[in-house]
Amino acid sequence: MTIGWWTAVLALALLGSWRLAHYATQPLHLAQAALQELSEDKLSERLFYPEADDEPGRVFASLNHLLDQVEEAMERQRRFVGSITHDIRTPLTIIRGDTEVALMQERTAKSYREVLESNLEEVERIGKLVEDLLTLSRGHRGDLSLRVKAVHLDMLLREVRRQYQEAASAKGVTLSLFLEGEVEIEGDRDRLRQVLTNLVENALHYTPAGGKVDLSQFQDENVARIIVRDTGVGIEDKDLPHIFEPFYRGAQPGNHQGYGLGLAICQHIVQAHGGKIWVESQVGPDSGTTFFISLPLRPSARATSRVLTQ
Ligand SMILES: Nc1ncnc2c1ncn2[C@@H]1O[C@H](COP(=O)(O)OP(=O)(O)O)[C@@H](O)[C@H]1O
Ligand SMILES: [Mg+2]
């Protein structure tokens, strides 16, 4: 063959491999172009790729799944900002209205006291919300400051039960405590109390009259275990993987005035202690929810590095 022939064959081969490479990378170009087009106000759009079963098709499906999650998270944040703005503005309006009316004319000391007490209640409600948001953002950054001391878990559980005994009886729910001996751990008492109160408040809220909420605690080798079990309405399968996410609220929030922050905060606090928290739940007959917590008796090296004293 002549040199001209060889040149033609080489040129064809090069063209062929270029086209192959072009087709092989085309899906990536498509994905890149589509992703570049995305913006916050176009989050409902999805990437299209005709072949669902080949490898690029699966990559596109994964990217679309990721977009579903981003869209849901943004929607939750939007709803949260809407409801939080409302929930902060309402008590502020009440405080301002009551104060203005109180200042319009001379009143008795009793009447001033009533106004101040009602205002204090509203201020405490806003304060609790702001405190929860702060805890959440610190937990997120991994700098939740713990004031670590010896904590008698059994005594803490007794206190929490005492705190909620009246509310449970008023609702017709039996709140019981099962302690297997004394368990002492090193941790932040106030933060651990916050975990327990969040769990017990949820349990009481989601358990109808006639139901039971059991608090148990025992020691298992080097780990303290706490179980909060209720015979309440249970958590739907679709909600279960998300309930520890901030701002996530299940399908049955009822009239509960929550923001979906409680469990996210519980998880941050437990993890800052080097522990774990998880849940099992069932809807329908024999419905109910059980939260399990395991805490090392001494904070692990990882958790200790985050331990600060304020
Ligand atoms: N004991 C429980 N029984 C049934 N559902 C629960 C229970 N605890 C939590 N949940 C579900 O988990 C969601 C998140 O809980 P949480 O973070 O405490 O937020 P909130 O109480 O503000 O809704 C709740 O909205 C509810 O759907
Ligand atoms: Mg809650």
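Above this note sits the structure.
Owing to the predicted nature of the structure, the values given are computational and were not obtained by experimental measurement.

Engineer: Please provide a residue-by-residue account of the overall build of the protein, values included.
Structural biologist: Secondary structure summary: the protein contains 7 helices and 7 strands in total. Mapped in sequence order, the helices and strands of the protein form the string α-α-α-β-α-β-β-α-β-β-α-β-β-α. By the burial criterion, 34% of the 310 residues in the protein qualify as buried. Taking the intrachain contacts of the protein between residues at least 6 apart in sequence as the baseline, contacts between residues at least 24 apart amount to 70%. Taken as a whole, the protein presents about 19,300 Å² of accessible surface, with 56% of it coming from carbon and sulfur.

Engineer: How would you sum up the layout of surface pockets? Please name residues and give values.
Structural biologist: Estimated volume of the second largest pocket: approximately 360 Å³. Lining the second largest pocket we find 17 residues, and of these E131, T135, D190, R191 and Q194 sit closest to its centre. Elements represented by at least two residues in the lining of the second largest pocket include exactly α3 (109-141), α4 (153-171) and α5 (189-205). Looking at the lining of the second largest pocket element by element, the count peaks at 6 residues for α5. Class assignment for the residues of the lining of the second largest pocket results in 1 nonpolar, 7 polar and 9 charged.

Engineer: Tell me about the packing of aromatic side chains, and name the residues and values.
Structural biologist: Here a ring pair, both rings aromatic, is described through the centre-centre distance and the interplanar angle of the planes. Taken as a whole and judged by the stated rule, the model has 2 aromatic pairs. Aromatic side chains F244 and F291 sit 6.2 Å apart centroid to centroid with 90 degrees between the ring planes, which places their arrangement in the edge-to-face category. Separated by 47 residues along the polypeptide, F244 in the loop between β5 (223-230) and α6 (262-272) and F291 in strand β7 (residues 288-296) bring together distant segments of the chain. The class of F244 is buried, set by a relative accessible area of 14%. Between the aromatic rings of W278 and F292, the centroid separation amounts to 5.4 Å while the plane-to-plane angle is 15 degrees, which identifies the pairing as stacked. In this pair, W278 is assigned in strand β6 (residues 276-282) and F292 in strand β7, connecting sequence segments 14 residues apart. The exposure class assigned to W278 is partly exposed, which follows from its relative accessible area of 33%. A relative accessible area of 15% places F292 in the buried class.

Engineer: Could you give an account of empty space enclosed by the protein, naming the residues involved and the relevant values?
Structural biologist: In total, this model carries 1 cavity of 30 Å³ or more according to the counting rule given. What lines the largest cavity is L153, L192, V195, L196, I226, V270, I293 and L295. Considering every element that reaches the lining of the largest cavity, the biggest residue donor is α5, with 3 residues. Among the residues forming the lining of the largest cavity, the class breakdown is 8 nonpolar, no polar and no charged.

Engineer: Before we move on, could you go through the sheet that holds β7 and cite the residues and values that matter?
Structural biologist: The sheet built from 5 strands is open, its strands ordered β2-β4-β5-β7-β6 with mixed pairing. Only two strands of the sheet have a single partner each, and these edge strands are β2 (174-179) and β6. On average, each strand axis in the sheet is inclined to that of its neighbour by 10 degrees, with strand direction left out of account. Across 8 bridges, the pairing between β5 and β7 is antiparallel. The partner of I227 across the bridge, within β7, is F292. Against the sheet, α4 makes contact with β2, β4 (212-220), β5 and β7, and its axis sits at roughly 170 degrees relative to β2, the strand it touches most.

Engineer: Account for α5, naming residues and giving values.
Structural biologist: For α5, with 17 residues, the first-to-last C-alpha span of 24 Å sits near the 24 Å given by 1.5 Å per residue. For α5, a buried count of 12 out of 17 residues is recorded, marking the element as mostly surrounded by other parts of the structure. Where α5 begins, the capping side chain belongs to D188, and its oxygen is found 3.1 Å from the backbone nitrogen of D190.

Engineer: Just give me the short version of the site of ligand 1, but keep the residues and values in it.
Structural biologist: The full set close to ligand 1 counts 20 residues, and N202, D230, R249, G260 and L263 are the nearest of them. One of the backbone N or O atoms of G250 is found 2.9 Å from an oxygen atom in ligand 1. Calculation on ligand 1 without its partners gives an accessible area of 530 Å², and the protein chains cover 98% of this total. Those elements that place two or more of their residues in the shell around ligand 1 are α5, α6 and β7.

Engineer: Please set out the nonpolar core residue by residue, giving values where relevant.
Structural biologist: Counting 49 residues, the largest nonpolar core has L153, I185, L199, I226, I293 and L295 as its most contacted members. Excluding residues that lie within four positions of it along the chain, I293 makes contacts with V195, L199, A224, R225, I226, V270, K276 and I277. With 7 residues, the next largest nonpolar core counts A31, L43, Y49 and L67 among its residues.

Engineer: Describe in detail α4, supporting the description with residues and values.
Structural biologist: Think of an α-helix as turning once every 3.6 residues; residues three or four places apart then point the same way. Compared with the 27 Å implied by 1.5 Å per residue over 19 residues, the 26 Å span of α4 between its first and last C-alpha is a close match. At Y164, α4 shows its maximal kink, close to 45 degrees. Along α4, the residues that are buried comprise L153, D154, L156, L157, V160, Y164 and A168.

Rules used in this analysis
- Residues numbered from 1 in each chain as written.
- Chains lettered and ligands numbered in written order.
- Predicted model: local features only at pLDDT ≥ 70, side-chain atom pairs only at ≥ 80, totals over all residues.
- Heavy atoms only, no water.
- Helix = DSSP H or I, 4+ residues; strand = E, 2+ residues; numbered from the N terminus.
- Buried < 20%, exposed > 50% of the residue type's maximum accessible area, 1.4 Å probe, protein only.
- Contact = heavy atoms within 4.5 Å.
- Areas by Shrake-Rupley, 256 points an atom, 1.4 Å probe, with all protein chains shown as cover.
- 1 Å grid on protein atoms, 1.4 Å probe; cavity = no way out; pocket = protein on both sides within 12 Å on 5 of 7 lines; lining within 4 Å.
- Points joined across faces, edges and corners; volume = space filled by probe spheres on them.
- Nonpolar A, V, L, I, M, F, W, Y, C, P; charged D, E, K, R; others polar.
- Phe/Tyr/Trp six-rings, centres within 6.5 Å; stacked < 30°, edge-to-face > 60°.
- Pairing = 2+ DSSP bridges.
- Axes fitted to C-alpha atoms, helices over the stretch in contact; angles between N-to-C directions.
- Expected span 1.5 Å × (residues − 1).
- Polar contact = N/O pair within 3.5 Å; in protein donor to acceptor, adjacent residues only side chain to side chain.
- Near = heavy atom within 4 Å.
- Core = buried A, V, L, I, M, F, W, Y, C linked by side-chain atoms within 4.5 Å.
- Bend = angle between axes of the 7 residues up to and from the residue.

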